[in-house]
Amino acid sequence: MSLLELHTPNGNPVSFEVRDGTNDHNVIYSICAADEYELRGVTNLEGWALDLGAHIGGVALCLAVDNPGLVKVVAVEPVPMNAQLIRQAVARCAQNLYAGVRVLENAVGAPGTTTTIRFGFRDAAGNVDHHGWVGNASMVYEAAPVEAHDALEVTCVDLLALKTQLGGPPAFVKVDCEGGEWPALEQIVALDSPRVIGEWHPVLGHESNAALVEAFESAGYTVATSGPAGGPGLFLATK
């Protein structure tokens, strides 16, 4: 383990607990330096924000630091070790900048259901260890992966119940949940957030982003997409 100190896309100091020899570093650099989720300029949010597929908290912590007007940032992350790293980062921050960050150890999928999350991938040659902490729902695989791994049955979060509990639509939603976006798509759209950004994955019979784009546009959103036609690809839905 080591402490990775960077700046948010808006230039504010932020730090993370990362596992050496894994893609933790890559994920955080992609968020902070490459601004994968277009956080630059997102600085005046109020209310609450939502990070679906939070990993070790890259987007959640950046949102909290850059937007002191956010009362709460909900990080949904089913892999227990990842969730713990977010909590450790929150506890370590002496300035209490992450006070509003709340971690839910749930999966993203159809509300009221459970799914098997696979993580901690490993093999004798160490070929899969680097990406071993990106949790993948069982629904992504036609057959279970052959590499050694851990598995956990996890309840899928009810996003509309969360919306009701927190008093209305989130100001910002990031979605990157390795296929869970498809069974949760109706709820993600119904959150009615003015800005939803994330990554879609070519799984569960979806060979393009057409169904996702149609769902958002039918709800009054403007949708921009990038990446290969066959995915995975990024999308930004705004209204």
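Whatever comes next refers back to the structure up there.
Everything numeric in this text was worked out from a predicted model, so none of it was measured.

**Comments concerning the overall build of the chain**
Here is step 1 of the chain: Each helix and strand counted, the chain has six helices and twelve strands in total.
Here is step 2 of the chain: Its C-alpha atoms give the chain a radius of gyration of 17 Å, within 12% of the compact-globule value 18 Å for 239 residues.
Here is step 3 of the chain: By its C-alpha atoms, the chain is 45 × 45 × 35 Å across when sized along the principal axes.
Here is step 4 of the chain: When contacts within the chain are restricted to residue pairs at least 6 apart in sequence, long-range pairs at least 24 apart make up 66% of them.
Here is step 5 of the chain: By element, 52% of the accessible surface of the chain is carried by carbon and sulfur atoms, the whole surface being about 10,100 Å².

**Description of the nonpolar core**
Here is step 1 of the chain: If you look at the biggest cluster of nonpolar residues, it comprises 37 residues, and the most contacted ones within it are Val-14, Phe-16, Leu-63, Tyr-98 and Phe-172.
Here is step 2 of the chain: Only strand 1 (2-7), strand 2 (13-18), helix 1 (24-32), helix 2 (58-66), strand 4 (70-76), helix 3 (80-92) and strand 5 (101-104) provide two or more residues apiece to this core.
Here is step 3 of the chain: Among the elements that take part in this core, helix 2 stands out by supplying seven residues, more than any other.
Here is step 4 of the chain: Those residues in contact with Phe-16, other than ones at most four positions away along the chain, are Ser-2, Leu-3, Leu-4, Ile-28, Cys-32, Ile-56, Gly-57, Gly-58, Leu-61, Cys-62 and Arg-92.
Here is step 5 of the chain: Counting 29 residues, the second largest nonpolar core, distinct from the first, contains Val-189, Val-203, Leu-212 and Tyr-221.

**With respect to the side chain of Arg-19**
Here is step 1 of the chain: Along the chain, the position of Arg-19 falls in the loop between strand 2 and helix 1.
Here is step 2 of the chain: Looking at Arg-19, the relative accessible area reads 10%, which means it is buried.
Here is step 3 of the chain: Side chain to side chain, Arg-19 and Asn-82 meet in a polar contact 2.7 Å long.
Here is step 4 of the chain: Residue contacts for Arg-19: discarding those within four places in its chain leaves Met-1, Asp-24, His-25, His-55, Ile-56, Met-81, Asn-82, Leu-85 and Trp-133.

**Let's talk about the sheet that holds strand 6 (residues 114-122)**
Here is step 1 of the chain: Taken together, the three strands give an open sheet; going across it, the order is 7-6-8, and neighbouring strands pair in antiparallel fashion. The open sheet has two free edges, formed respectively by strand 7 (136-137) and strand 8 (148-155), since each of these has just one partner strand.
Here is step 2 of the chain: Bridge count between strand 6 and strand 8: seven bridges; the pairing is antiparallel. Residue pairing across strands places Thr-115 opposite Val-154, the latter belonging to strand 8.

**Quick word on the packing of aromatic side chains**
Here is step 1 of the chain: Under the counting rule described, the total for this entry stands at four aromatic pairs.
Here is step 2 of the chain: Geometrically, the ring pair formed by Phe-216 and Phe-235 is tilted, given 5.8 Å between the ring centres and 35° between the ring planes. One end of the pair, Phe-216, is in helix 6 (residues 210-218); the other, Phe-235, is in strand 12 (residues 233-238), and 19 residues separate them in sequence. The burial state of Phe-216 is the same as that of Phe-235; both residues are buried.
Here is step 3 of the chain: Among the aromatic side chains, those forming a connected cluster through ring pairs are Phe-216, Tyr-221 and Phe-235.
Here is step 4 of the chain: When the ring centre of Tyr-37 is taken as origin, the NZ or CZ atom of Lys-174, which lies over that ring, is 5.2 Å away.

**Observations regarding the sheet that holds strand 10 (residues 195-200)**
Here is step 1 of the chain: Taken together, seven strands build an open sheet; the order of strands is 5-4-3-9-10-12-11 and the sheet is mixed. Of all the strands in the sheet, the pair left with one neighbour each is strand 5 and strand 11 (222-226). Between one strand axis and the next, the sheet turns by 15° as a mean value, whatever way the strands run.
Here is step 2 of the chain: Lying over the sheet, helix 2 contacts strand 3 (47-52), strand 4, strand 5 and strand 9 (172-175), oriented at roughly 175° with respect to strand 4.

**Things to note about helix 2**
One turn of the α-helix equals 3.6 residues, which is why residues spaced by three or four share an orientation.
Here is step 1 of the chain: Among the nine residues in helix 2, nine count as buried, and that is most of the element.
Here is step 2 of the chain: Looking at helix 2, one finds that the buried residues are Gly-58, Val-59, Ala-60, Leu-61, Cys-62, Leu-63, Ala-64, Val-65 and Asp-66.

**Things to note about the environment of Phe-16**
Here is step 1 of the chain: As for its placement among the helices and strands, Phe-16 is situated in strand 2.
Here is step 2 of the chain: According to the relative accessible area criterion, Phe-16 is buried, its value standing at 1%.

The rules behind these values
One numbering rule holds for all chains: residues counted from 1, following each sequence as written. In view of the model being predicted, local features appear only for residues whose pLDDT reaches at least 70, and side-chain atom pairs are presented and counted only at 80 or more, with totals across whole chains, interfaces and linings using the full set of residues. As a rule here, side-chain values cover all heavy atoms of the structure and leave hydrogens and water aside. For the purposes of this entry, the term helix denotes a DSSP run of H or I that reaches at least four residues, the term strand denotes a run of E that reaches at least two, and both are numbered from the N terminus. Atoms counted for the radius of gyration: C-alpha only. Globule rule: 2.2 Å times the number of residues to the power 0.38. Between two residues, a contact is recorded if the distance between any of their heavy atoms is within 4.5 Å. Here the open area of atoms and residues is found with the Shrake-Rupley method and a 1.4 Å probe, where only the protein chains shown may cover a residue. Take the buried residues of types Ala, Val, Leu, Ile, Met, Phe, Trp, Tyr and Cys, join any two whose side-chain atoms come within 4.5 Å, and each joined set is a nonpolar core. Summary of the burial criterion: residues with accessible area below 20% of their type's maximum are buried, those above 50% are exposed, and those between are partly exposed, where the area comes from a 1.4 Å probe applied to protein chains only. Throughout this description, a polar contact denotes any pair of N or O atoms lying within 3.5 Å of each other; where both atoms belong to protein, one of them has to be capable of donating a hydrogen while the other can accept it, and for residues adjacent in sequence the pair is counted only when both atoms sit in side chains. A pair of strands counts as paired when DSSP detects no fewer than two bridges linking them. When two rings of Phe, Tyr or Trp (its six-membered ring) have centres within 6.5 Å they constitute a pair, described as stacked for plane angles under 30 degrees, edge-to-face for angles over 60, and tilted for the intermediate range. Only Lys NZ and Arg CZ are tested; either one counts as a charge over a ring when it is within 6 Å of the ring centre and within 35 degrees of the ring normal. Simply put, an axis is a line fit to the C-alpha atoms, just over the touching stretch for a helix, and the angle between two N-to-C directions goes from 0 to 180 degrees.

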